Each structure stands twice: as structure tokens, then as C-alpha cells.
Amino acid sequence: MQKILITGAAGQLGIELINALIPVYGAENILATDINPDAASKFSDTNFLSVNAMDADYLDKIVNEYKIDQVYHLAAILSANGEQNPLATWEVNMKSLLIVLELARKYKLKVFWPSSIAVFGRGTQRQNTPQNPGTIPNTVYGISKQAGEQWCNYYAEKFNVDVRSIRYPGLISYSSPPGGGTTDYAVDIFHKAVCNQNYECFLSEETRLPMMYMPDAVRATLELMQSDFKKIKTRTSYNISGISFTPAELFREIKKHLPEFQISYRPDFRQNIANTWPESIDDSIARIEWGWKPKYDLSKMTLNMLKNINKKRNRQGSSNLLISIL
Ligand code: AKB
């Protein structure tokens, strides 16, 4: 059975990905790691180690000792947080990736590394953004993902490293919080709505961005990693598309279930980031090469999010009569 190492495991994607990896590979074959030692409490089923993904020697030791076959290298600083400290973001995002790629070369590891729609920027066609447009990203996060994609491709071509990657849109999940990105509003809004609070959105009402419900994102990751080696011809990173919507459209969808819910708009620095990102994505290459197809649309995702956040609150004893209809 394959042994799997996950870095940045306590982040938004890590927690849910691990829940999907356990039934496939067995909890005993999964090693979750995160820089935050307190994250251990989130991983009662799997092994957990507190690891700084920039510590090359420690990672080498772990890969060797645990006889790791696959790495999901998720540790990174996202777009909005990254702008608060650009040089540290570059250091974390690039150094850790290069360490993992070197380990992959040395130990013949299979690697998953997430890229992002943040690679797109000035000069990019914003509707139906193609796989390989000209682009000048305007965040250090986007620059690091763009450079990272080139490094992945380089290691694949020069050293036959089996590295695979997806450009995630904004990810929306009810069970794990987002981690300091420009698309975080699309998660925060649900929590406010379910708590009967109004929401002040940090993007303007007509800001259309590509998003994806977490079950689709996790399935895409597993399907890409399980695809036949020969099918994976793109070694930079794949465009994948889920749902494109504006804050106003999401608000109207939530309001169908919670008619009292109100929203106001106060765009901040994240608006400038969003303005350079695509509105929708052309993912035809992922569809052709490994059969990608999303399952969730806006209405299905919204109902599912509201139901599950409500259920969670009920379990915590904070049930909310207003949404007992859900
Ligand atoms: C962010 O907003 O930074 C992330 C992303 C799109 O990569 N959610």
C-alpha cells in the first residue's frame, strides 16, 4: 500500500483531502504534517507530526523513515495574507516546493502540488480563461504559483518526476475554514447567514470569480492523482472549472432559503486582486486528458452548505429556529 505524506495538512484543503484519502489508502498509511503543533487534535485517525515544510533535512528523514511514496504538498501562504508579507510568502511557497521536488527526484515520489487561478493577472482573457494565456499575476502568491508551475514542469521533463497539479478556483467548504485568500467571502457569508447575522462583503457585488465546492475539488484531486501516467500531459498545472458567481448572485441564492438575510458591500484591498483574476475558466484540457467534470452548481452547493453548517451548529447546541426548515 502506498504511504502518503501531506504538508500543510491543517489548511482548508488538507483536512478534507485526508478524509477522502483514508478510505482509499488506509489511515495507517497517511502521515499528516503541519507547522502548527496544535493541529494534532484534528488528526485523531492518522499519524501526525509538526513539521516546517522549509526544513529540508527533517522532511528527508521523514520520507526515508516512513518510506513515503506520495506527497501532497499543500503548505503555502495564500493571496490576501501573502500581500501582508511578500518576501516571506515567496520564501515559504517556493522554498518548500523546491525541497519537495528534490525529495521527489531523490526518492522517486509522486507529488501533488496545488496551483491557483491567482497565476492569472494582467493581460489574461478573463472570460473562459484558457489553459495557457499570457499573464502577469499581481500578487506574490500568484507569482509564486506561476514560478512553481514552471518548476514542476521542469522536474517532470528533466528528471521524470511524476508531479501533478490543479489550478484551484476559490474553494468553498462547510467543515474547514478558508486560510486568508481573496475568495474567502464565499465561505464567511454562509456562516453569517446561518447565525442570523448580516454580512459585510469585502468584494463588490458584481465581482465574478471562479469557485468550487470542496467535494468537487477533493474528487478532482484524487481523480488526477489516480489517472494513468500517460494521460497526464500537462505538467505545469490544469485549469479546472466549477461554478462562477458574484457576491450578489450568491446572496440571492442564500436568501431563497433565509429570506431575512441581508448583505452590504465594502470592498477593500482584496478587490484589486479579484479585479485581475478570471471570471470563468476553460477547463477543456482537463476534461479531455483525464475526464474532469464538476458535479455541483450554485443552487446545489448553497443548499448543501446551509444544511451542513446548520447541522454542525445543532450538534454544538447552537441550533437556529429560523433555519429549521433546512
Ligand atoms: C485565494 O483566494 O488566495 C485562494 C486561491 C484562489 O488560490 N482561495
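The model shown is predicted, which means the values in this text are computed figures rather than measured ones. (Residues numbered from 1 in each chain as written. Predicted model: local features only at pLDDT ≥ 70, side-chain atom pairs only at ≥ 80, totals over all residues. Heavy atoms only, no water.)

Student: Outline the domain arrangement of the protein chain, listing residues and values.
Tutor: The domain architecture assigned to the protein chain consists of domain 1 (4-169 + 212-239) and domain 2 (172-209 + 244-277 + 298-325). On a C-alpha basis, the centres of domain 1 and domain 2 stand 26 Å from each other. Contact with domain 1, which involves 20 residues of that partner, is made by 24 residues of domain 2. Counting the surface lost from both domain 1 and domain 2, the interface buries some 1,800 Å², and carbon and sulfur atoms represent 53% of this. Sorting the residues of domain 1 by area buried against domain 2 places Gln12, Arg126 and Tyr213 first, and these three jointly supply 36% of that buried surface. At the boundary of domain 1 and domain 2, one finds zero salt bridges. One can count 16 residue pairs in polar contact (both at pLDDT 80 or more) joining domain 1 with domain 2. Secondary-structure elements contributing two or more residues to the side of domain 1 that touches domain 2 are helix 1 (12-25), helix 3 (79-84) and strand 9 (209-213). At five residues, the largest contribution of residues to the side of domain 1 that touches domain 2 is made by helix 3. Among the residues forming the side of domain 1 that touches domain 2, the class breakdown is nine nonpolar, seven polar and four charged. (Domains from an automatic or database assignment. Contact = heavy atoms within 4.5 Å. Buried area = accessible area lost by both parts, 1.4 Å probe. Salt bridge = Lys/Arg side-chain N within 4 Å of Asp/Glu carboxyl O. Polar contact = N/O pair within 3.5 Å; in protein donor to acceptor, adjacent residues only side chain to side chain. Helix = DSSP H or I, 4+ residues; strand = E, 2+ residues; numbered from the N terminus. Nonpolar A, V, L, I, M, F, W, Y, C, P; charged D, E, K, R; others polar.)

Student: Please provide a residue-by-residue account of the site of the ligand, values included.
Tutor: Lining the immediate environment of the ligand, one finds Leu78, Ser79, Ser116, Ile117, Tyr141, Gly181, Thr182, Thr183 and Trp277. Between the ligand and the protein, one listed contact pairs a nitrogen atom with a side-chain N or O atom of Thr183 at 2.9 Å. In isolation the ligand offers 250 Å² of accessible surface; the protein chains occlude 94% of this area. Judged by the fraction of its atoms near the pocket grid, the ligand is located in the largest pocket. (Near = heavy atom within 4 Å. Areas by Shrake-Rupley, 256 points an atom, 1.4 Å probe, with all protein chains shown as cover. 1 Å grid on protein atoms, 1.4 Å probe; cavity = no way out; pocket = protein on both sides within 12 Å on 5 of 7 lines; lining within 4 Å. Sits in = over half its atoms within 2 Å of the grid points.)

Student: Talk me through the side chain of Thr46; I want residue IDs and the actual numbers.
Tutor: Position of Thr46 relative to the elements: it lies in the loop between strand 2 (30-34) and strand 3 (47-50). Not counting residues up to four positions away in its chain, the partners in contact with Thr46 are Ile18, Ile22, Ala27, Ile30 and Ala32.

Student: Summarise the environment of Trp290; cite the residues concerned and give the values.
Tutor: Mapping Trp290 onto the fold places it in helix 10 (residues 284-290). Residue classification places Trp290 among the buried residues on the basis of a relative accessible area of 7%. Taking the C-alpha atoms as reference points, Trp290 and Glu28, 262 residues apart in sequence, are found 29 Å from one another. Apart from residues no more than four positions distant in its own chain, Trp290 is found in contact with Ile166, Ala220, Glu223, Leu224, Ser227, Ile232, Tyr238 and Ile240. (Buried < 20%, exposed > 50% of the residue type's maximum accessible area, 1.4 Å probe, protein only.)

Student: I'd like a rundown of the sheet that holds strand 7 (residues 170-172), residues and numbers included.
Tutor: As summarised here, the arrangement of the three strands in space is 7-9-11, forming an open sheet in which the pairing is mixed. Bordering the open sheet on either side are strand 7 and strand 11 (243-245), each of which pairs with just one other strand. Strand after strand, the sheet turns through a mean of 40 degrees between neighbouring axes, direction not considered. Summarising the sheet, strand 7 and strand 9 pair through three bridges and their orientation is parallel. Looking across to strand 9, one finds that Ile172 is bridged to Tyr213. (Pairing = 2+ DSSP bridges. Axes fitted to C-alpha atoms, helices over the stretch in contact; angles between N-to-C directions.)

Student: How would you explain the state of the cysteines if you had to name every residue and give the values?
Tutor: Using the criterion set out here, one finds zero disulfides in the structure. Free cysteine: Cys201, not disulfide-bonded; nearest cysteine sulfur from Cys195 at 17 Å. According to the relative accessible area criterion, Cys201 is buried, its value standing at 1%. (Disulfide = S-S within 2.5 Å.)

Student: So what's going on with the packing of aromatic side chains? Which residues, and what values?
Tutor: A complete count under the given rule lists 13 aromatic pairs for this structure. Plain terms: the ring middles of Tyr154 and Tyr155 are 6.1 Å apart, the flat faces sit at 70 degrees to each other, and that makes the pair edge-to-face. Residue Tyr154 is classed as partly exposed on the basis of its relative accessible area, which comes to 36%. Geometrically, the ring pair formed by Phe251 and Phe261 is tilted, given 5.6 Å between the ring centres and 50 degrees between the ring planes. A residue pair is termed long-range when its members are at least 10 positions apart, and Phe251 in helix 8 (residues 247-257) and Phe261 in the loop between helix 8 and strand 12 (263-265) qualify at ten residues. You can call Phe251 buried: its relative accessible area is 12%. Among the aromatic side chains, those forming a connected cluster through ring pairs are Trp151, Tyr154, Tyr155 and Phe159. (Phe/Tyr/Trp six-rings, centres within 6.5 Å; stacked < 30°, edge-to-face > 60°.)

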